[in-house]
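Geometric and topological summary
Residues per chain, in single letters:
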Amino acid sequence: MKYRFLFWAKVNLIIVLAVLFLLMGSGLSSALPYRSYFYNYWGEGVPSPAPYVPERVLDGQKLGVGAFSSPRDVFVDYRDYVYIVDTGNQRIVGLDNQWQVFTEIDHYIDDEGEKRNFQSPRGVHVTEDDEIFVADRDAEQIFVLNQQQELVRTIEDPRREVDLEGTIPEGFIFRPVDVGVSQLGKIYVLSEDNYEGILEFEADGTFSGFFGAPEVRPDPVDLFWRYVGTEEQRQRRALFLPTLYSGMDIDHRGFIYVTVSHGEIRHEEAIRMLNPEGTDRLRRQGFFNPVGDINYPSAALNPTYHGPSTLVDITTRGTGDGIYTALDRKRGRLFTYDNNGNLLYVFGTKSDQEGAFRTPSAVEYHQDDLIVVDRQTNTATVFAPTEFSEQVLAAINLYNQGYYEESEQAWREVLRLNANYELAYTGIGLAHLFREEMEAAMTNFRRGNNRSAFSEAFAEYRSDIIAANFGRAMMMFLGIIILVVLFVKLRLIDRLQSSLAFRFEDRSFSWWQEKIIEYAGYFKYALFLIFHPFSAFWDLKNENRGNAVTGTVILLGCSFTYIFVRQFTGFIFNPYDLTRLNVIFELSTIIVPVLLWSVSNWSLTTLMEGKGTFKEIYTATTYSLTPIIIIYIPLTVISNYLTLNEEPFYNLLLVLGVLWALMLIFVGNMITHDFLLLNSLMTAIASIVGMGVIIFLALLFVSVVQQMWGFIDSIYSEYMLRL
């Protein structure tokens, strides 16, 4: 009994421990309300360790100053003091390094010593001279205060300056919602509903002009309709509006980072970095441009949130490493990028849990922490970095400072935490590159899908190989030249051909051997056709110099050529995921268009007195694909030995192969139907349109069949359920 009791006691203890372990594990997995990720080279969202975790929530009641009401902005000064713009309560709350309230700015003292309340403060900036700039939207002014809250000066509507006629657009209203001051004292202001860019003022408040307004790029469709439409239609259509900036931050170098909420600007410019001249200098060298999410559900799927990210604010780290974080109001996410535009990590979501957001309005760095203000929950959440983000930032900083070996160790720590982090492989590869370890660098660049860096390392590696084997290569080259000269001088090729011809004349062949010889002649004729299309297509039709079987083999060869190209093109020029080859899809991309062209062309030329049959059209079209096979296969092999500097040469040959094939198809269509040039051109255009009609009818037929099948299935299910 004693042993049985001990046995069951141990079993119960193990069960209890297991249950506790599961509960702890589930608690850890659900501790954060969001999932962190980044986008890999193929645009897939890859899970990542959390870069930041919520450390504290700043609530007005807990701070002892009363509940916040619709806070709109947050700023961290040179002392790491935090200023929260509590717009609904018409005040600014200041917190010291211990997260304790040290000031509450709910008024200012004017020149006459009277206390004046703010109307609707929306932005704040504190300089190293301890001047406090408050952007008050409803007061239409920027108030500049000292630490005693005394008014130093105001920056007002620039329209009040009498010498600015023609500079300020008609209907402009000065509604400042954000303000920033550069190291040189320049004052930059974002005004609500202003499409002219950022307003720039001198240190004394003198208006300098609009700053950083990007060029308007209307949609080509809108341009077309404006051109062909009537005057009344043009007036009814919306005006082309420039960009409306939604957030702003000034880094330690004086560059202004801005986010774009909407406006007719290219999507890839949703984040801009403006130099003192107002020109966008943001580096966009990552896999994708810094725009927030690159994959998102479309409106057709009726998701909770659809469309691209809505970036409303941006902040830069004060360490000078060029790292910045943008805030997405639509999905409550934060996107962090390095100075080259590489996405480092993404985190955040929308929910009622702690650490999530409802309507985030501003973000700011506080040393390595991030502060996010939410105007709906009336809180400011402080996020602390995790080991993962600390290692990523450390690796970037070490590399920027020239400590390449230390940077490599930091990147290896990142890989320990996330083995799928492609940027870490690039960082390790760069460390090998600076140590001139080219093979190791190429291996890591390949793992990190960094084709430009791989090309740089490969160029050096290729130069070393050529230099080491130059003498041997020259000897082989000279040997080949000597052999060619001997063959020409001794007429060895002519003798070999005569000998083979004599042997073939004196022997009899079986049926299958004759067929091989016959089809070999057909394939040889395909090589003749690509250089002499006019006479060759005539003989192909009238002299039976080819057949549909040979054409089908060429078509299949062209299809498999594309598969070969997809799988074996050099890494630098191959953007495909080699683990996801779909042979059926790859074959259909060549076979289906050829069949559609043949059917459409035959259908139309039958009505246009064309003389070609479907078989002749199909044969001529498939024979025309020969240049693709001839060019693409050797080019694919050669691509493994090229760098990005030779990319124009590579692309030229790719385009040449396609244009050559299209030219042959056009000539073949003209000769097959005995058309003139104009008739052949019109037929080709009509055939392309016909291909679209066939695809539409096919899709319509499939849709009808699916609906009929669904109707029959529902009737059958209803009948079976009632039995």
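Each helix and strand in the protein was counted, giving 19 helices and 27 strands. Each of the 723 residues in the protein was classed as buried or not, and the buried ones make up 43%. Nonlocal contacts in the protein, meaning residues at least 24 apart in sequence, comprise 52% of its contacts between residues at least 6 apart. A total accessible area of about 39,700 Å² is found for the protein, and carbon and sulfur atoms account for 59% of it.

On the surface, a cluster of negative charge is made up of E436, E456, E460 and D464. Checked against the element boundaries, E456 lands in helix α9 (residues 451-468). With a relative accessible area of 48%, E456 lands in the partly exposed category.

Applying the stated criterion across every chain yields a total of 29 salt bridges. The residue R333 makes a salt bridge to D293 at a minimum N-O spacing of 2.7 Å. In this pair, R333 sits in strand β23 (residues 333-337) while D293 sits in the loop between β20 (271-274) and β21 (311-316), placing the two residues 40 residues apart along the sequence. For the salt bridge of R358 with D352, the shortest nitrogen-to-oxygen distance reads 3.6 Å. Taking the relative accessible area as the measure of exposure, R358 reaches 29% and is therefore partly exposed.

Relative orientation of the contacting elements helix α5 (residues 387-400) and helix α6 (residues 404-417) amounts to 160°, with a least axis distance of 8 Å. It follows from the interaxial angle that α5 and α6 lie roughly antiparallel. Handedness of the crossing formed by α5 with α6: left-handed. Note on element contacts: α6 touches α5 through Y404, E406, S407, A410, W411, E413, V414, R416 and L417, opposite E387, F388, Q391, V392, A395, I396, L398 and Y399. Of the residues that constitute the contact of α5 with α6, the class distribution is eleven nonpolar, two polar and four charged.

So, about the sheet that holds strand β14 (residues 176-181). Whether parallel or antiparallel, the strands of a sheet pair through hydrogen bonds between backbone atoms. The strand order β14-β15-β16-β17 describes an open sheet built from four strands, whose pairing is antiparallel. With one partner strand each, in any of the chains shown, β14 and β17 (207-211) form the two edges of the open sheet. Across this sheet, the average inter-strand angle for adjacent strands is 25°, counted without regard to direction.

All right, on to the packing of aromatic side chains then. Applying the stated criterion to the full structure yields 35 aromatic pairs. An angle of 50° between the planes, with centres 5.4 Å apart, marks the rings of Y34 and F347 as tilted. Within this pair, whereas Y34 is found in the loop between α1 (2-29) and β1 (37-39), its partner F347 is found in strand β24 (residues 343-347), the two being separated by 313 residues in sequence. Here Y34 and F347 have matching classes, each one buried. Judged by centre distance (5.4 Å) and plane angle (85°), the ring pair of F388 and Y421 falls under edge-to-face.

So, about the confidence of the model for the protein. The predicted model of the protein averages 85 in pLDDT, with 85% of residues at 70 or higher. Across residues 1-11 the pLDDT falls below 50, and counting only partners more than four positions away or on other chains, this stretch makes zero contacts in the model. Within the model, the stretch residues 13-30 combines pLDDT values under 50 with zero contacts to residues more than four positions away or in other chains.

Helix length check: helix α15 (residues 583-607) (25 residues) gives 37 Å between terminal C-alpha atoms against 36 Å at 1.5 Å per residue, within 8%. What α15 keeps buried is the set E586, L587, I590, V594, L596, W597, S598, S600, N601 and T605. A side-chain oxygen of the first residue of α15 lies 3.2 Å from the backbone nitrogen of I584; this N-cap is N582.

For the rest of this paragraph, the subject is the nonpolar core. Ranked by internal contacts, the top residues of the largest apolar core, which has 31 residues, are Y52, L344, F383, V392, W411 and Y421. Contributing elements (two or more residues each) for this core: β24, β25 (360-366), β26 (369-374), α5, α6 and α7 (422-434). If you tally residues by element for this core, the top one is α5, at five residues. In this structure, F383 is in contact with Y34, Y52, V53, P54, E55, F347, G355, F357, D369, L370 and V372, ignoring residues within four places of it in sequence.

Definitions and limits used
- Residues numbered from 1 in each chain as written.
- Predicted model: local features only at pLDDT ≥ 70, side-chain atom pairs only at ≥ 80, totals over all residues.
- Heavy atoms only, no water.
- Helix = DSSP H or I, 4+ residues; strand = E, 2+ residues; numbered from the N terminus.
- Buried < 20%, exposed > 50% of the residue type's maximum accessible area, 1.4 Å probe, protein only.
- Contact = heavy atoms within 4.5 Å.
- Areas by Shrake-Rupley, 256 points an atom, 1.4 Å probe, with all protein chains shown as cover.
- Patch = residues over 30% accessible without salt bridge, like charges linked within 9 Å, V, L, I, M, F, W, Y side chains within 5 Å.
- Salt bridge = Lys/Arg side-chain N within 4 Å of Asp/Glu carboxyl O.
- Lys, Arg positive; Asp, Glu negative; His and termini not counted.
- Charge placed at Lys NZ, Arg CZ, Asp CG, Glu CD.
- Axes fitted to C-alpha atoms, helices over the stretch in contact; angles between N-to-C directions.
- Parallel < 35°, antiparallel > 145°, perpendicular 65-115°, else oblique.
- Left-handed = near helix turned anticlockwise from the far one by under 90°.
- Nonpolar A, V, L, I, M, F, W, Y, C, P; charged D, E, K, R; others polar.
- Pairing = 2+ DSSP bridges.
- Phe/Tyr/Trp six-rings, centres within 6.5 Å; stacked < 30°, edge-to-face > 60°.
- pLDDT = per-residue confidence, 0-100.
- Expected span 1.5 Å × (residues − 1).
- Polar contact = N/O pair within 3.5 Å; in protein donor to acceptor, adjacent residues only side chain to side chain.
- Core = buried A, V, L, I, M, F, W, Y, C linked by side-chain atoms within 4.5 Å.

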